[in-house]
Amino acid sequence: MSRKINIWANLDWMTVLVYLVMLFIGWISIYSAVYDEEHQSIFDTTQRYGKQLIWIIAAIVIAAAVLLTDNKLFLFFSYFFYAITILLLIAVLFFGTEVNASKSWFQFGGIQIQPAEFAKLATALALAQFLSTTKLKIHDSRALLTMGSIIFLPVLLILLQPDVGSSLVFFAFILVLYREGLTGWVLFFFILFGFLSVLALLLNEVNMVALLVISALSAYMIIGRNMKTAAKAVLIFALICLAVMGIFQLAAPGTMLVVKLITASVAGSLVLMGLAFRNKRNKASLLLGLLIAALLYTYSVDYVFDNVLMPHQRSRINIVLGFDDDPLGQSYNINQSKIAIGSGGLTGKGFLQGTQTKFNFVPEQSTDFIFCTIGEEFGFAGSTMLIGLFVFLLLRLIYLAERQRSQFARIYGYSIISILFTHFVINIGMTIGIVPVIGIPLPFISYGGSSMWAFTVMLFILLRFDAVRMEFLR
Amino acid sequence: MKDHYSDRKYIIGAMIVLPVLFFIVRLFILQVIDPSYKLSASSNVLRNVTQYAARGLIYDRNGELLVYNQPVYDLMVVPGQLAEFDTVELCQILEIDREYLDQEISKARAYSMFRSSVFLKQISSRTYAVLQEKLYKFPGFYVQLRTLRSYPNDIAAHILGYVGEVDGRIIDEKQGYAMGDYIGITGIEATYEEELKGEKGKNVFLVDVHNRIMGSYQEGRYNIPAVVGNDITLSIDAVIQKYGEKLMQNKIGSIVAVEPSTGEILALVSAPAYNPELLVGRVRTLNFRQLAADTLKPLFNRALMAHYPAGSAFKVVNGLIAMQEGIVNEHTRHTCPGHYTVGRLTVRCRYHTTPVAMPEAIQVSCNTYFCHIFRDLLDHPKYGSVTNGYNVWADHVRSFGLGERLEADFPNELRGFVPPSTYYDRFYGENRWRSLQLVSMAIGQGELSVTPIQMANMTAAIANRGYYYTPHIVRNIENSDNDRAFREENFTSIDSVWFEPVIDGMHRAVNGPDGGTARIAQVQGLDICGKTGTAENPHGDDHSVFIAFAPKDNPQIAISVYVENAGFGSAMAAPIASLIIEKYLTGEVTRKWLEDRILSADFINREVASTSRQENLSDEQED
Ligand SMILES: [Zn+2]
């Protein structure tokens, strides 16, 4: 192949535009979040918004540099990058700057570099390289072991810093493996039990049931690929639950909610199971079995946490869940964040008019909780638009990944999608109080150069592959 | 390349969309349906209330309160927290007009939407009581407690100084001051600002929609308690200070009284004085302007800053120097023909017995005697030249704390002036001046000038027979050892043996059987030693001067009194000093007739002044 392709002409400008819009939204949101009347200029580089502008300009330069780099370089040196990143992750444990009792940063003058951010990129490249090996059988035990090592080596090193939030993101690679043929069960169980463990400790029972129903629906789709049956089953289940709850409410209003819920779900499950037997649908009964197992598991997590674990073990879990930097009890940060977003209303209070994010109620308001500022000042309309923008970006990236002719590029694309998606879900979920406080930034929006640059490089390597996808033969 | 799993892209797409739908439902509930978060947000109003530290209290030497703090209330506004309110009602409560309200709110807006500005300063406690009950109607407003200085005795305004709000320059120059803070501007308030000011604190409150305080934000995690300033005990005796100020009413001048054994200032009066309450609070600016415009300069601290000739009181120092230098001894006598004449120059004396030695010369304040010994000193061959002789003399003078700042604990103290020999070199040319040209300094006139506190200190040095402690006004500071080197003796260059004849002369001047210039100052049993003086005033009537200490042995008080335009020392200054000494040493005044005469004397209102001066002239002997 010697045909020279014009990168700029083939670049997916749609994605670039979305990317730039996100950077801009991030910049003005930070301006609003840390707005200080003594430093009114948005270009004031002594303030975070001024610095963010510098990071943004640098990010655009980096993006251009990535586009001008030969994409074969990423392919050939993917293992090499991976090795270097692993070395950096080891080095940061010894030479890193300690912030909040964790060593995650290298400090170079005014710039902080977080190797974990770049580990995501390196892992994506290495995984793409390994998975695109010809004649690889994904369920082969040696292949599984290698893939597992590629993913979990950085996880282990990042946990040693310790930085739980960043290490959690690596579990997103399971999505990539699923796309490349790993059985759906792994993904399903992983998502279900991973989330249940955390949510059981966080949410009240009503939310729990809602989530279980949604999980059941997803599970049914994965197993049966029959939306109609799944919807019917869930509807029946929900109706029975409601009926049982209603009876309780009338007959014995004082009953503990847990008892009500267990009775309701067991009753619902029994009815569904009966229906399934009548229709000879063993998959439906499998689903019900799963549902009951999930319920039991959920409550056992609660039970174990409250009754079996020693206090110090409990507090460790609290640290993992992000409860510990929470001076006013476990729900303070979440509450303040919810109040800020909730007070935004339909259309928000207007740019710079937020009171909750101005008066320091919300912690980390320019980094992890930047979504609060948007929610408060631009309301439901604004936050939905931002979420829509993210969904659009992710779906656009799926489209880009799918049109790649090289398996490497596609796998890499899905890696980027998974990482962005995980960040997005955890971050937004955290601010609206349905995911525990895990300190990870909202891509392209949150304050900070290190993560912005890492995401930029990830995204533009994909765009670089996409621009020259015609070079690869079918 | 085969891709069997291509359909999985839909599942992955669905997995992305599903939680997002959940998010959107959740956000819809949170932001649109559920009103509780909006309510929480409105009760989530933070209020930073500065806790202003009360300044330290100031006491006199006997523990009498001189300065304390009175609570006042500033009405503050945070524009970003304002809601609709009844402007008419607020204007009525505060007795302000609509124009003021609009103007202040737009001023506050211009300063900051989120930080508080003062809306109305120093609300009376009556208005505050009314406002407090209705404050819930005015979200965004709150009351800030402040304290203002208050003075139970209305005395010692010049010593205490005053407190004012910091300006932009102070905020730039000094650490830790913000808009609206107070700072000591003059007097003790300025000198001991660090000790008095305390440390500001801060309380962060949560306030609900009804403008009610719901509690401390984050359980007081961000609260900083204020630290009250340290109390200061002055060496001032409030009784004497008050009496001194009373005696100086309708006069211009100064009284400084020092305890010789410690250097502690017992009274420091500058007249005319002003009521310290005038420079407190809202009225300060207006009153200050009026006081500053007053031609009698009531703000000017004459005790520290007025330059006067020393007058004849300075003869005692000339006498000491001449003896120290061996020019005369206590027995050396000079004849006085009633004047000192050399060529065309004549210094007049007055009738007294002659010849006189040192004690009598001081007793009768003989000009002739002191002209002789002064010139003999300067012209003495052992110095080689008049310049050298003069320098020897000037060094002795300076050893009494004259001509330089005493570095007492006041701001704005002036140096006085003991001319260096170069001054005369410039004036007459090098080595071209003679002792005769300087002879007026023999009797305390001429170029030499002093401040009243320097004169009091000089008197203390004489009372101590050769040393003084730097005069100072602070006795004790709470939580501080107050070691400001005021406990060290400063020795004069005169040996203690030479003081007895001089003190004997001062004793005779007051208590002498005949010819004493200050017999009006005599109090039975108090052994007052004093020396009158008249400071020549080229601008008008001469100033009345008197220095004294008592008792003669183991002195407890040394004093200098200047009364401007009051003529001879014996006329005004000596009776005032004597009354103060009597009051201080005995606690009472027996000579009511003298006190009445002083109190009725008026040197500010010219008509009254002329009659009282005639009366004085006929009363006693002149200098
Ligand atoms: Zn004479």
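The model shown is predicted, which means the values in this text are computed figures rather than measured ones. (Residues numbered from 1 in each chain as written. Chains lettered and ligands numbered in written order. Predicted model: local features only at pLDDT ≥ 70, side-chain atom pairs only at ≥ 80, totals over all residues. Heavy atoms only, no water.)

Some thoughts on the overall build of chain B
As a reminder, the rule being used: The way it works is that DSSP assigns letters per residue, a run of H or I at least four long becomes a helix, a run of E at least two long becomes a strand, and they are numbered from the N terminus. The buried label goes to any residue with under 20% of its type's maximum accessible area, the exposed label to any with over 50%, and the partly exposed label to all in between, with areas taken from a 1.4 Å probe on protein chains only. A contact between two residues is defined here by any heavy atoms of the two lying within 4.5 Å. The Shrake-Rupley method, run with a 1.4 Å probe, gives the accessible areas here. Residue values count only the displayed protein chains as cover.
When helices and strands are counted, chain B shows 22 helices and 20 strands. Here chain B holds 623 residues, and the buried ones make up 55% of them. Of the contacts made within chain B by residues no fewer than 6 positions apart, 71% connect residues no fewer than 24 positions apart. When the accessible surface of chain B is split by element, carbon and sulfur atoms take 50% of a total near 26500 Å².

Brief notes about the environment of Ile362(B)
Residues and elements named next belong to chain B. Its place among the elements puts Ile-362 in helix H14 (residues 358-364). Judged by its relative accessible area of 0%, Ile-362 is buried. Each C-alpha atom, one on Ile-362 and one on Arg-508, is 8.2 Å from the other, the two residues being 146 residues apart in sequence. When residues no more than four places from it in sequence are discounted, the contact partners of Ile-362 are Val-316, Phe-370, Val-502, Gly-505, Met-506, Ala-509 and Lys-531.

Here's the deal with the coordination of the zinc ion
Formally: Donor criterion used throughout: N, O or S atom within 2.8 Å of the metal, extended to 3.2 Å for Na, K and Ca. Water excluded; incomplete-looking sites may result. Geometry is assigned from donor-metal-donor angles: four donors are tetrahedral when every angle falls between 85 and 135 degrees, four are square planar and six octahedral when opposite donors sit over 155 degrees apart with all other angles between 65 and 115, and any other arrangement is irregular.
Donor atoms from the polypeptide that bind the zinc ion are Cys336(B) (SG), Cys349(B) (SG), His352(B) (NE2) and Cys366(B) (SG), placed at 2.0 to 2.3 Å. Around the zinc ion sit four donor atoms, and with donor-metal-donor angles ranging over 104 to 119° the site reads as tetrahedral.

Quick look at the pairing of strand S13 (residues 339-342) of chain B
Residue and element names in this part refer to chain B. Quick note on the threshold: One requirement defines pairing of two strands: DSSP has to find at least two bridges between them.
Pairing between S13 and strand S14 (residues 345-348): four bridges, direction antiparallel. When the sheet's bridge partners are listed, Tyr-340 is paired in S14 with Val-347. In this antiparallel pair of consecutive strands, S13 and S14, the connection spans two residues, and Gly-343 shows a positive phi of 60°.

Brief notes about the sheet that holds strand S11 (residues 253-259) of chain B
Residue and element names in this part refer to chain B. Applied cut-off: Axis lines are fitted to C-alpha atoms, over the contacting stretch for helices. Their N-to-C directions set the angle, which ranges from 0 to 180 degrees.
Reading across the sheet, the five strands line up as S12-S11-S20-S19-S18 and stay open at both edges, with antiparallel pairing between neighbours. Only two strands of the sheet have a single partner each, and these edge strands are strand S12 (264-271) and strand S18 (529-535). Direction aside, the axes of adjacent strands within the sheet are offset by 5° on average. Bridge analysis of S18 against strand S19 (residues 543-550) gives seven bridges, and the strand direction is antiparallel. Residue pairing across strands places Thr-534 opposite Ser-544, the latter belonging to S19. Sheet strands in contact with helix H20 (residues 573-586) are S11, S12, S18, S19 and strand S20 (557-563), and its direction is about 150° off that of S20.

Regarding the packing of aromatic side chains
All names here are of chain B. Put simply, the test is: Pairing of aromatic rings covers Phe, Tyr and Trp, the last through its six-membered ring, and needs centres within 6.5 Å; plane angles under 30 degrees mean stacked, over 60 mean edge-to-face, and all others mean tilted.
Per the stated rule, a full pass over the model turns up 39 aromatic pairs over all chains. Ring geometry for Tyr-100 against Phe-119: centres 5.9 Å apart, planes inclined by 75°, an arrangement best described as edge-to-face. Separated by 19 residues along the polypeptide, Tyr-100 in helix H4 (residues 98-111) and Phe-119 in strand S4 (residues 117-123) bring together distant segments of the chain. What makes Tyr-100 partly exposed here is its relative accessible area of 24%.

Focus: the sheet that holds strand S3 (residues 111-113) of chain A
Residues and elements named next belong to chain A. Spatial ordering of the open sheet is given by S1-S2-S3, a layout of three strands whose pairing is antiparallel. Of all the strands in the sheet, just strand S1 (97-99) and S3 have a single pairing partner and so form its edges. Taken pair by pair, the neighbouring strands of this sheet meet at an average axis angle of 45°, ignoring direction.

Digging into the side chain of Glu245(B)
Along the polypeptide, Glu245(B) turns up in helix H10 (residues 238-247). Those residues in contact with Glu245(B), other than ones at most four positions away along the chain, are Asp154(B), Ile155(B), Ala156(B), Ala157(B) and Val269(B).

A short note on unusual backbone geometry
All names here are of chain B. With an omega dihedral of 0°, the bond running from Ala-271 to Pro-272 counts as a cis peptide bond. Along the chain, Pro-272 turns up in the loop between S12 and helix H11 (284-293). Residues Ala-550 and Pro-551 are joined by a peptide bond in cis, for which omega reads -15°. As for its placement among the helices and strands, Pro-551 is situated in the loop between S19 and S20. A positive phi angle, close to 55°, is found at Asp-154, a residue other than glycine. A residue is classified by how much of its surface remains accessible, and Asp-154, at 35% relative accessible area, is partly exposed.

Notes on the pattern of salt bridges
Test applied: One speaks of a salt bridge when a side-chain nitrogen belonging to Lys or Arg is within 4 Å of a carboxyl oxygen belonging to Asp or Glu.
Here the structure, examined in full by the defined rule, presents 33 salt bridges over all chains. A salt bridge links Arg403(A) to Asp466(A), with the nearest nitrogen and oxygen atoms 2.7 Å apart. A residue pair is termed long-range when its members are at least 10 positions apart, and Arg403(A) in the loop between helix H17 (370-402) and helix H18 (407-431) and Asp466(A) in helix H19 (residues 449-467) qualify at 63 residues. Taking the relative accessible area as the measure of exposure, Arg403(A) reaches 23% and is therefore partly exposed. Owing to a relative accessible area of 0%, Asp466(A) belongs among the buried residues under this scheme. The partner of Glu582(B) in a salt bridge is Arg591(B), and the shortest N-O contact between them spans 3.3 Å. Classification of Glu582(B) by relative accessible area gives buried; the value is 2%. Given a relative accessible area of 10%, Arg591(B) falls into the buried group. Look at the salt bridges and you will find they share partners, linking Arg55(B), Arg149(B), Glu189(B) and Glu193(B) into a network.

Observations concerning the nonpolar core
Quick reminder of the rule: Buried Ala, Val, Leu, Ile, Met, Phe, Trp, Tyr and Cys residues that are joined via side-chain atoms within 4.5 Å together make up what is termed a nonpolar core.
The biggest cluster of nonpolar side chains holds 121 residues, and the ones touching the most others in it are Ile387(A), Leu397(A), Tyr412(A), Phe424(A), Ile432(A), Phe444(A) and Phe460(A). In this structure, Phe424(A) is in contact with Ile387(A), Phe390(A), Leu394(A), Gly429(A), Leu442(A), Pro443(A), Val20(B) and Phe23(B), ignoring residues within four places of it in sequence. Membership of the second largest hydrophobic core comes to 101 residues, among which are Leu406(B), Val418(B), Leu448(B) and Met458(B).

Overview of H10(B)
Residues and elements named next belong to chain B. Quick reminder of the rule: What qualifies as a polar contact is a pair of N or O atoms within 3.5 Å, subject to a donor-acceptor requirement within protein and to the restriction that residues adjacent in sequence count only when both atoms come from side chains.
The buried fraction of H10 is high, at seven of ten residues. Along H10, the residues classified as buried are Ala-238, Ile-240, Gln-241, Tyr-243, Gly-244, Glu-245 and Leu-247. Residues of H10 that are buried sit in contact with strand S3 (65-77), helix H6 (157-160), S11, S12, H20 and helix H21 (592-600). With a side-chain oxygen lying 3.0 Å from the backbone nitrogen of Val-239, the N-terminal cap of H10 falls on Asp-237.

Describing the confidence of the model for chain B
When pLDDT drops low, the exact placement of atoms in the prediction is not to be read closely. All names here are of chain B. Stated precisely, the cut-off is as follows: What pLDDT conveys is the predictor's confidence in a given residue, as a value from 0 to 100.
Predicted confidence across chain B gives a mean pLDDT of 86, with 94% of residues reaching 70 or more. Low confidence marks residues 607-623, where pLDDT is under 50. Its contacts with residues over four positions away, or in another chain, come to 35 contacts. Overall fold confidence for the complex sits at a pTM of 0.62, while the interface term, ipTM, reaches 0.77.

Overview of the environment of Val269(B)
All names here are of chain B. Positionally, Val-269 belongs in strand S12. Linking Val-269 and Val-561, residues 292 residues apart in sequence, is a C-alpha distance of 9.3 Å. Those residues within four positions of Val-269 in sequence are excluded, and the remaining contacts are Gln-241, Gly-244, Glu-245, Met-248, Gly-253, Ser-254, Ile-255 and Ala-303.

Here we look at a nonpolar patch on the surface
Residues and elements named next belong to chain A. Heads up, the rule is: Every patch collects residues that have over 30% relative accessible area and no salt bridge, joining them within 9 Å if they carry like charges and within 5 Å if they are nonpolar side chains (Val, Leu, Ile, Met, Phe, Trp, Tyr).
Taken together, Leu-73, Phe-76, Phe-77, Phe-80, Ile-84 and Leu-88 make up a surface patch of nonpolar side chains, about 560 Å² in accessible area. Listing elements by their share of the nonpolar patch, those giving two or more residues are helix H4 (71-76) and helix H5 (78-95). The element contributing the most residues to the nonpolar patch is H5, with three residues. Along the chain, Phe-80 falls in helix H5. The class for Phe-80 is partly exposed, based on a relative accessible area of 47%.

Re the confidence of the model for chain A
Taken residue by residue, chain A gives an average pLDDT of 78. The fraction at 70 or more is 68%. Confidence drops under a pLDDT of 50 for residues 322-330 of chain A, and excluding neighbours within four residues, the segment shows 15 contacts in the predicted structure.

A closer look at the packing of helix H15 (residues 367-378) of chain B against helix H16 (residues 386-398) of chain B
All names here are of chain B. Definition in use: Any residue outside Ala, Val, Leu, Ile, Met, Phe, Trp, Tyr, Cys, Pro, Asp, Glu, Lys and Arg is labelled polar, Gly included; the first ten of those are nonpolar and the last four are charged.
Two elements in contact, H15 and H16, have axes separated by 7 Å at closest approach and are oriented at 120°. Between H15 and H16, the residues in contact are Phe-374, Leu-377 and Leu-378 and Val-386, Gly-389, Tyr-390 and Trp-393, respectively. In terms of residue class, the contact of H15 with H16 is built from six nonpolar, one polar and no charged.

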